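Summary of structural features
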Amino acid sequence: CKTLDARANGYARSEGVGALVVRRGDEGVLVCGSAVRQDGRSASLTAPNGSAQRVLLLAALGRASVSLDEVGSTEAHGTGTALGDPTEAGALAAVHGARVASLAVGAAKASVGHSEAVSGQVGLLKVGQMLADVVAGNAQLCVLNPLVGERLRGVSSRFVLPVQGAATCGVTGGVSSFGYSGTIAHAVLRRAVGVGSGEGAVTPL
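If you're wondering where the values come from, they're calculated on a predicted model, not measured in any experiment. (Residues numbered from 1 in each chain as written. Predicted model: local features only at pLDDT ≥ 70, side-chain atom pairs only at ≥ 80, totals over all residues. Heavy atoms only, no water.)

Across its 14 residues, helix α4 (residues 119-132) extends 20 Å between first and last C-alpha, which sits within 8% of the 20 Å expected from 1.5 Å per residue. By the burial criterion, the buried members of α4 are S119, G123, L124, L125, K126, V127, G128, M130 and L131. (Helix = DSSP H or I, 4+ residues; strand = E, 2+ residues; numbered from the N terminus. Expected span 1.5 Å × (residues − 1). Buried < 20%, exposed > 50% of the residue type's maximum accessible area, 1.4 Å probe, protein only.)

In structure tokens form, the structure reads like this:
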């Protein structure tokens, strides 16, 4: 999928499988807040609702009780469509535009395609890896989609769209996953080392 790129022309299908271990402990990644809602009324089945995405992001951040600047990276749904990517970028800009620290934005679909039913779990596993290791680059990003640039205008200094691997951005990250039926979800994750009880921590296999 040519996520965020000017060549974005629809998603490439793939297949995948992922596994998580949910356990008690003081390591791994802790899900500290999440939200799920319906995309609501939009122009068509393939036209996402930016307002619904903004409400979703704010709800997840509120439930996680974290400030904007604590979130160092976010995994976008990022299907690589000419309309979907700018809409998602606009929602991120509306929510994170007031932050001071930079936010690294990426999408696994640029590397492995859209694995459909398992794509949300792929994103979750990727964020878990990023919090522990490095922020992965956006594999297909050569020339920024001008509509994405338009949505980020005025706040672009707060967003980093890495094209190569970069140093990990803190201990907190977000992940979005949007379903074909209109269900949209966002989770805020934190590296759980030193948390204590660590109830609900998840560790990528």
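As a further point, take empty space enclosed by the protein. Applying the stated criterion to the full structure yields six cavities of 30 Å³ or more. Here the largest cavity is characterised by a volume of approximately 90 Å³. Lining the largest cavity are 13 residues; nearest its centre among them are L4, E88, A89, L92 and V105. If you tally residues by element for the lining of the largest cavity, the top one is helix α2 (residues 84-96), at four residues. Class assignment of the residues belonging to the lining of the largest cavity gives a composition of nine nonpolar, two polar and two charged. For the second largest cavity, the calculated volume is near 70 Å³. (1 Å grid on protein atoms, 1.4 Å probe; cavity = no way out; pocket = protein on both sides within 12 Å on 5 of 7 lines; lining within 4 Å. Points joined across faces, edges and corners; volume = space filled by probe spheres on them. Nonpolar A, V, L, I, M, F, W, Y, C, P; charged D, E, K, R; others polar.)

With that settled, consider the side chain of K126. On the secondary structure map, K126 appears in helix α4. A residue is classified by how much of its surface remains accessible, and K126, at 13% relative accessible area, is buried. A distance of 3.0 Å separates the side chain of K126 from the side chain of E75, its partner in a polar contact. Other than its neighbours up to four places away in sequence, K126 contacts E75, G106, A107, A108 and A136. (Polar contact = N/O pair within 3.5 Å; in protein donor to acceptor, adjacent residues only side chain to side chain. Contact = heavy atoms within 4.5 Å.)

This part is about the pattern of salt bridges. Summed over the entire model, instances satisfying the criterion amount to five salt bridges. Between R190 and E70 there is a salt bridge, with its nearest N and O atoms 3.4 Å apart. Of the two residues, R190 sits in strand β9 (residues 183-191) while E70 sits in the loop between α1 (50-64) and β3 (73-75), which places them 120 residues apart along the sequence. The partly exposed category is assigned to R190, whose relative accessible area is 21%. Residue R151 pairs with E150 through a salt bridge whose shortest N-O separation is 3.7 Å. (Salt bridge = Lys/Arg side-chain N within 4 Å of Asp/Glu carboxyl O.)

Before going further, it helps to examine the pairing of β9. Note that strand β2 (residues 29-38) and β9 share nine bridges and pair antiparallel. When the sheet's bridge partners are listed, G33 is paired in β9 with V188. Between strand β8 (residues 172-178) and the antiparallel strand that follows it, β9, lie four residues; G182 among them carries a positive phi value of about 110 degrees. (Pairing = 2+ DSSP bridges.)

A regular strand places its side chains on the two faces of the sheet in alternate fashion. By the alternation rule, side chains of strand β4 (residues 103-106) split into L103 and V105 and A104 and G106, which are all buried. In the sheet, β3 pairs with β4 via three bridges, with the strands oriented parallel. Bridged to E75 within β4 is G106. The handedness of the β3 to β4 crossover, carried by α2, is right-handed. (Right-handed = clockwise from strand over helix to strand, strands pointing away.)

The share of residues in the chain with pLDDT of 70 or more is 89%, and the mean pLDDT across the chain is 87. Strand β10 (residues 201-204) is the least confidently modelled element of the chain, averaging 48 in pLDDT, while α1 averages 96, the highest of any element. Here residues 195-200 scores under 50 on pLDDT; set against residues more than four positions off or in separate chains, the count is 15 contacts. (pLDDT = per-residue confidence, 0-100.)

Relative to the elements of secondary structure, A89 occurs in helix α2. Distance in space between the C-alpha atoms of A89 and L147 is 9.0 Å, their sequence separation being 58 residues. Those residues in contact with A89 that lie beyond four places of it in its chain are V148, R151 and L152.

Let us now look at α1. In an α-helix, one turn spans 3.6 residues; hence positions three or four apart end up facing the same way. Here α1 spans 21 Å end to end across 15 residues, near enough to the 21 Å set by a 1.5 Å rise per residue. All of the buried residues in α1 are G50, A52, Q53, L56, L57, A60, L61 and A64. Mapping the buried residues of α1 onto a view down its axis gives an arc of 165 degrees, with all of them on the same face. For α1, the exposed residues lying more than 90 degrees away from the buried face are L58, G62 and R63. Buried residues in α1 make contact with β2, α2, β8 and β9. Looking at the residues trailing α1, positive phi occurs at S65, about 55 degrees. (Arc of directions from axis to C-beta.)

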